[in-house]
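Structural overview for review
The chain contents come next:
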Amino acid sequence: MHRLDARYKLLFTLAFVIAVVATPIGQWRVLGSLGLLLALLVGISGASVRSLVLRWAGFALVIGFLAVMVAPGLPARASHGLVTVILSIVVKNSLAFLMMLVLATVSSWLDLLQAMRRLGVPRVLVATLQFMERYIHVLGEELARMSQARRARSFQGGSILSWRLLTGMLGMLLLRSFERAERVHSAMLARGWDGTIHNLD
Amino acid sequence: MHIPDAVLDPRVAALTGVMGAAGLFYGLKSVEGRLKERTTSLMGMMSAFIFAAQMVNFPVGPGVSGHLLGGVLVAVMLGPWAGAVVIAAVLIVQCFLFGDGGLTALGANFVNMGLIGSVVGYAIYAPIRRWIGGHRGILIAAMIAAWFTVLLAAGACAAELSAAGSHRDFFRILSWMALVHAVIGLGEAIITGLVVRFILLTRPELIEQDPTWGLESPVPGSGPPRRWLATILGGLGVALAVVVFLSPLASELPDGLEFVGQRIGFLADESPSSPIPAPMPDYQLPLPSLEHVKAATAVAGLVGTLVVFAVSWGLARVFSGAGHRSERASADAA
């Protein structure tokens, strides 16, 4: 499954999520079969069930709250009852959420981006996303270094002071990102960058 | 504010998806037209910055923390459409790699946080900045725009969530959303203000040379109408944000109308009396009732607006003549 063409994986995920979302409330058989399909996929993909459940549990509270808030206003409430509506929303969301996690486990970000490009997503956007993913880690490490430096000066301030320190950190990171973008751009130009990413395929 | 899958009505998801895609295409075209081959590095790096910045948690109270959303911050630095593109990139990565925000809700999330967060935010920012002028204008305008965009996004979110229901649901959801987001908006305004202030004190040329950092090369002839457009959009945005706060109170109106209707008699059949009397007709959960929430929302809106004005004025004092000198003096002393 990891080796499968990412285009098929992406399209299948899209179709699966749309099918789940479009399933009318109270259609437990449809949702059940989609759930079985998902369980099958999880089994084949070799994704760790434990980590999937943990990630899901983190979101369950949020989606439960949203479902409780939205459900009373839905027209389906009259025919199915409030509990069914809330449960349907939670189950549908969980299926879609788990499918996205499975997609993320069985395909690398680069493969997904290439698949998006081949499926017609604008090149600039794909290139930007590729660039972004690369530098998320760089800037994250930079942020960690800055906060370590702050801690190394054993600084414990009050709430207002810590707001000023944290925004100072963000401002510094913003300036450094700007400068890094300039440097990287010069380096890219020096290597013949013309605005498009060329892949070896 | 990330809406997950399956909460939105499918029609709303489709509609906002089309709107979001159209907005993103326009934004990409506009940014690429100005930045040319620099688009990838600058947009990619700023997206990575916003993503990283959202991981910095600010202490709000015991056990509670908030973080920057960043739409207005990027718009102030790079211009409205660049801001929207950056937010789109952040949302796509969050959706695909972390499951944060639903795939079918991507359009709605982009409309709320990207188009409202950056483009409408900039439309609020630009006229206020021009009106006050100078560094003070930049700082105060950025904070006010940040505050109002969070409220507007909360209002749009409530509208999307309740689109399948009745108008009374809209007001119920709006009251809660607006109340929660008054706190979030206050945080957003103050964080945005402090970061902008930091940039203005260290590298002011990044913001001051041009509101859009050279992205919007002044095209002769296209100046005045665009300004009018920005002013109108900004005014509209502020007016809508005011409505977001006051409308929960105004939702009394339909109830009042029904009351009058029942009195007169033309709505008499609208309230079928159930054959079995409700077991506890006056029973209410010991939660704050909707009326309390509505009142609290309106109060929070008014107090929040005043606080944002006051804090932004205080922070901007650095850039007035006297403030500048005292800051310099303290810097010399240090």
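Computed from a prediction, not measured in an experiment: that's the story for all the values here. All chains use their own residue numbering, which begins from 1 and follows the written sequence. Starting at A for chains and at 1 for ligands, labels are handed out in the order in which the entities are written. Residues qualify for local features only when their pLDDT is at least 70, as the model is predicted, and side-chain atom pairs are given and counted only at 80 or more; totals for whole chains, interfaces and linings, by contrast, use all residues. Side-chain measures were taken over the full set of non-hydrogen atoms in the model, leaving aside hydrogen atoms and water.

All right, on to the pattern of salt bridges then. For salt bridges, the criterion is a side-chain nitrogen of Lys or Arg within 4 Å of an Asp or Glu carboxyl oxygen. Under the defined criterion, the tally for this structure stands at eight salt bridges over all chains. Residue Glu182 of chain A is joined to Arg38 of chain B by a salt bridge in which the shortest nitrogen-to-oxygen separation is 3.4 Å. Highlighted residues: Glu182 of chain A in helix H8 (residues 159-190) and Arg38 of chain B in the loop between helix H1 (10-35) and helix H2 (39-53), drawn from two different chains. Using a 1.4 Å probe on the protein chains alone, a residue whose accessible area is under 20% of its type maximum counts as buried, one over 50% counts as exposed, and one in between counts as partly exposed. For Glu182 of chain A, a relative accessible area of 39% corresponds to the partly exposed category. Looking at Arg38 of chain B, the relative accessible area reads 25%, which means it is partly exposed. Only DSSP runs of H or I reaching four residues or more are called helices, and only runs of E reaching two or more are called strands; each is numbered from the N terminus.

A few words now on the domain arrangement of chain A. Examined at the domain level, chain A breaks down into domain 1 (6-107) and domain 2 (122-190). Measuring from the centre of the C-alpha atoms in domain 1 of chain A to the corresponding centre in domain 2 of chain A gives 35 Å. What counts as a domain boundary in this text is fixed by an automatic or database domain assignment.

Okay, the interface of chain A and chain B next. One widely used convention gives an interface's size as the accessible area the parts lose upon coming together. Contact between two residues is taken to exist if any of their heavy atoms lie within 4.5 Å; hydrogens are not considered. Each partner contributes to the interface: chain A provides 65 residues, whereas chain B provides 65 residues. Joining chain A to chain B, the criterion identifies two salt bridges. When residues of the side of chain A that touches chain B are traced back to their parent elements, those giving at least two are helix H1 (6-22), helix H3 (49-70), helix H5 (82-106), helix H6 (109-118), helix H7 (123-152) and H8 of chain A. It is H8 of chain A that provides the largest number of residues to the side of chain A that touches chain B, a total of 23 residues. Taken together, the residues of the side of chain A that touches chain B sort by class into 46 nonpolar, eleven polar and eight charged. When residues are sorted by character, Ala, Val, Leu, Ile, Met, Phe, Trp, Tyr, Cys and Pro go into the nonpolar class, Asp, Glu, Lys and Arg into the charged class, and all the rest, Gly among them, into the polar class.

Residues and elements named next belong to chain B. Every residue carries a pLDDT, the predictor's confidence in it, which falls somewhere between 0 and 100. The share of residues in chain B with pLDDT of 70 or more is 72%, and the mean pLDDT across the chain is 77. The low-confidence segment residues 211-225 (pLDDT under 50) makes 24 contacts with residues lying over four places distant or belonging to another chain. For the stretch residues 253-286, pLDDT sits under 50, and the model shows ten contacts to residues farther than four places along the chain or on other chains.

Turning next to the layout of surface pockets. Its boundaries defined by the atoms lining it, the largest pocket holds a volume of some 1500 Å³. Taken together, the elements giving at least two residues each to the lining of the largest pocket come down to H3 of chain A together with strand E1 (58-61), strand E2 (64-66), helix H4 (80-98), helix H6 (134-161), helix H7 (167-202) and helix H11 (290-316) of chain B. Broken down by element, the residue count for the lining of the largest pocket peaks at twelve residues, all from H7 of chain B. Buriedness for pockets is judged along seven lines, at least five of which must meet protein on both sides within 12 Å for an open set on the 1 Å grid over protein atoms alone, while cavities are sets there where a 1.4 Å probe fits but cannot get out, and lining residues have an atom within 4 Å of a point. Grid points are joined across faces, edges and corners, and a volume is the space filled by probe spheres set on the points.

Aromatic ring pairs: the centre-centre distance and the angle between the two ring planes describe each pair. Between the rings of Phe, Tyr and Trp (Trp by its six-membered ring), a pair exists once the centres lie within 6.5 Å; its type follows the angle of the planes, with under 30 degrees stacked, over 60 edge-to-face, and the other angles tilted. Taken as a whole and assessed by the stated rule, the structure comprises eight aromatic pairs over all chains. Look at Phe51 of chain B and Phe98 of chain B: their rings are 5.7 Å apart centre to centre, the planes differ by 35°, and that puts the pair in the tilted class. Residue Phe51 of chain B is located in helix H2, and its partner Phe98 of chain B is located in helix H4; the two are separated by 47 residues in the primary sequence. A relative accessible area of 39% means that Phe98 of chain B is categorised as partly exposed. When the NZ atom of lysine or the CZ atom of arginine is within 6 Å of a ring's centre and also within 35 degrees of its normal, the charge is said to sit over that ring. Over the face of the ring belonging to Tyr135 of chain A we find Arg134 of chain A, whose NZ or CZ atom lies 5.1 Å from the ring centre. Sitting above the plane of the Trp313 of chain B ring, Arg136 of chain B keeps its charged end 5.0 Å from the centroid.

Let us look at H5 of chain A. What a helix is expected to span follows from its residue count: subtract one and scale by 1.5 Å. Along its 25 residues, H5 of chain A runs 37 Å from first to last C-alpha, staying within 8% of the 36 Å computed at 1.5 Å per residue. Across the 25 residues that make up H5 of chain A, a large majority, 18, are buried.

Moving on: empty space enclosed by the protein. Considering all chains together, one arrives at three cavities of 30 Å³ or more under this definition. Here the largest cavity is characterised by a volume of approximately 160 Å³. Together, 18 residues line the largest cavity, and Leu69, Gly70, Gly71, Met113 and Gly117 of chain B are the ones closest to its centre. Sorting the residues of the lining of the largest cavity by element identifies helix H3 (71-78), H4, helix H5 (106-132) and H6 of chain B as the ones contributing at least two each. Looking at the lining of the largest cavity residue by residue, the class counts come to nine nonpolar, eight polar and one charged. In this structure, the second largest cavity occupies an estimated 70 Å³ of space. Phe59, Asn93, Phe97 and Met100 of chain A together with Pro4, Asp5, Gly99, Gly101 and Gly102 of chain B together form the lining of the second largest cavity. Take the lining of the second largest cavity: its biggest share by element is three residues, from H5 of chain A. In terms of residue class, the lining of the second largest cavity is built from four nonpolar, four polar and one charged.

Counting through the fold element by element, Ser118 of chain B comes out in helix H5. Given a relative accessible area of 0%, Ser118 of chain B falls into the buried group.

Turning our eyes to something else, we now look at a nonpolar patch on the surface. Residues and elements named next belong to chain A. Like-charged residues are merged into a patch within 9 Å and nonpolar side chains (Val, Leu, Ile, Met, Phe, Trp, Tyr) within 5 Å, provided each residue has over 30% relative accessible area and no salt bridge. Surface accessibility in these figures is a Shrake-Rupley result with a 1.4 Å probe; residues are shielded only by whichever protein chains are displayed. Residues Trp28, Leu82, Val83, Leu87 and Val91 make up a contiguous nonpolar surface patch of about 420 Å² in total accessible area. With four residues, H5 is the largest single contributor of residues to the nonpolar patch. Structurally, the position occupied by Trp28 is in helix H2 (residues 28-45). Classification of Trp28 by relative accessible area gives partly exposed; the value is 38%.

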